[in-house]
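# Summary of structural features
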Amino acid sequence: MPAEVSSASPSSPALTERQEARRRRILHASAQLASRGGFDAVQMREVAESSQVALGTLYRYFPSKVHLLVATMQAQLEHMHGTLRKKPPQGVTAAERVAETLMRAFRALQREPHLADAMVRALTFADRSVSPEVDQVSRQTTMIILDAMGLEDPTPQQLSAVRVIEHTWHSALITWLSGRASIAQVKIDIETVCRLIDLTAPEEPARRR
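All of the points below concern the structure found in this document.

## What about the packing of aromatic side chains?
Following the criterion strictly, the structure yields 3 aromatic pairs and no others. Look at Tyr61 and Phe62: their rings are 6.5 Å apart centre to centre, the planes differ by 35°, and that puts the pair in the tilted class. There is no split in this pair, since Tyr61 and Phe62 are both buried. Taking 5.4 Å as the distance between ring centres and 70° as the angle between the ring planes, the aromatic pair formed by Phe106 and Trp176 counts as edge-to-face.

## Remarks on the pattern of salt bridges
Applying the stated criterion across every chain yields a total of 4 salt bridges. Salt-bridge contacts for Glu100 lead to Arg104; the nearest nitrogen and oxygen are separated by 3.9 Å. Of this pair, Glu100 and Arg104 both sit in helix α5 (residues 94-110), 4 residues apart, which is roughly one turn of that helix. With a closest N to O distance of 3.9 Å, Asp117 and Arg121 form a salt bridge. With Asp117 and Arg121 both in helix α6 (residues 113-125) and 4 residues apart, the pair spans about one turn of that helix. Look at Asp117 and you get partly exposed, because its relative accessible area is 26%.

## What about the packing of helix α8 (residues 156-177) against helix α9 (residues 183-194)?
Where α8 contacts α9, the axes come no closer than 10 Å and their chain directions differ by 170°. Relative to α9, α8 is oriented roughly antiparallel. Contact residues: α8 offers Val164, Ile165, Thr168, Trp169, Ala172 and Trp176, while α9 offers Ile183, Val186, Asp189, Ile190, Val193 and Cys194. Residue composition of the contact of α8 with α9, grouped by class: 10 nonpolar, 1 polar and 1 charged.

The rules we used
- Residues numbered from 1 in each chain as written.
- Predicted model: local features only at pLDDT ≥ 70, side-chain atom pairs only at ≥ 80, totals over all residues.
- Heavy atoms only, no water.
- Phe/Tyr/Trp six-rings, centres within 6.5 Å; stacked < 30°, edge-to-face > 60°.
- Buried < 20%, exposed > 50% of the residue type's maximum accessible area, 1.4 Å probe, protein only.
- Salt bridge = Lys/Arg side-chain N within 4 Å of Asp/Glu carboxyl O.
- Helix = DSSP H or I, 4+ residues; strand = E, 2+ residues; numbered from the N terminus.
- Axes fitted to C-alpha atoms, helices over the stretch in contact; angles between N-to-C directions.
- Parallel < 35°, antiparallel > 145°, perpendicular 65-115°, else oblique.
- Contact = heavy atoms within 4.5 Å.
- Nonpolar A, V, L, I, M, F, W, Y, C, P; charged D, E, K, R; others polar.

Just geometry here; none of it tells us what the structure is for.
Right, dumping it as structure tokens:
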């Protein structure tokens, strides 16, 4: 699953077209190396050589391997979001659509287990210095879920449900990668937590008789 699309952090200066192209090359190289050998295969010098940038330049974009791999995860999710928009989920209820969407995203990661493991490990290792990149991953996941729900202006209760769903999806990914959960169990857990969407849906006002 190529990391073709990415964007700079909202708090950072806008990148020029040339800088954005360089950033995409770096993220693509990171994804390629991780796909072949997981977290340990992503070495900053090799990423620099593969993306044809100077090592010092690479560190200006990404201060560490953890920064790089978390940004790679955001790029993967953004690419995935674009794919999901082209073929939206078919579930009748919002809960069904979100469950279908998250399982499709899960299966996409399942096809690249080394890459998935590298990105999740980086997310787990991330400290406060990686907060902007982690926040982007969270925002991207939220956007994917809200799109599946068909919501543009969620209530605080709905956003709370989305956060719980995100946590469950991330936890399910970790337990699957560690061999402690089957795909069938992951599906059950995702479908179960997505029922929170129905519980937080605003009640329609009672009709006057």
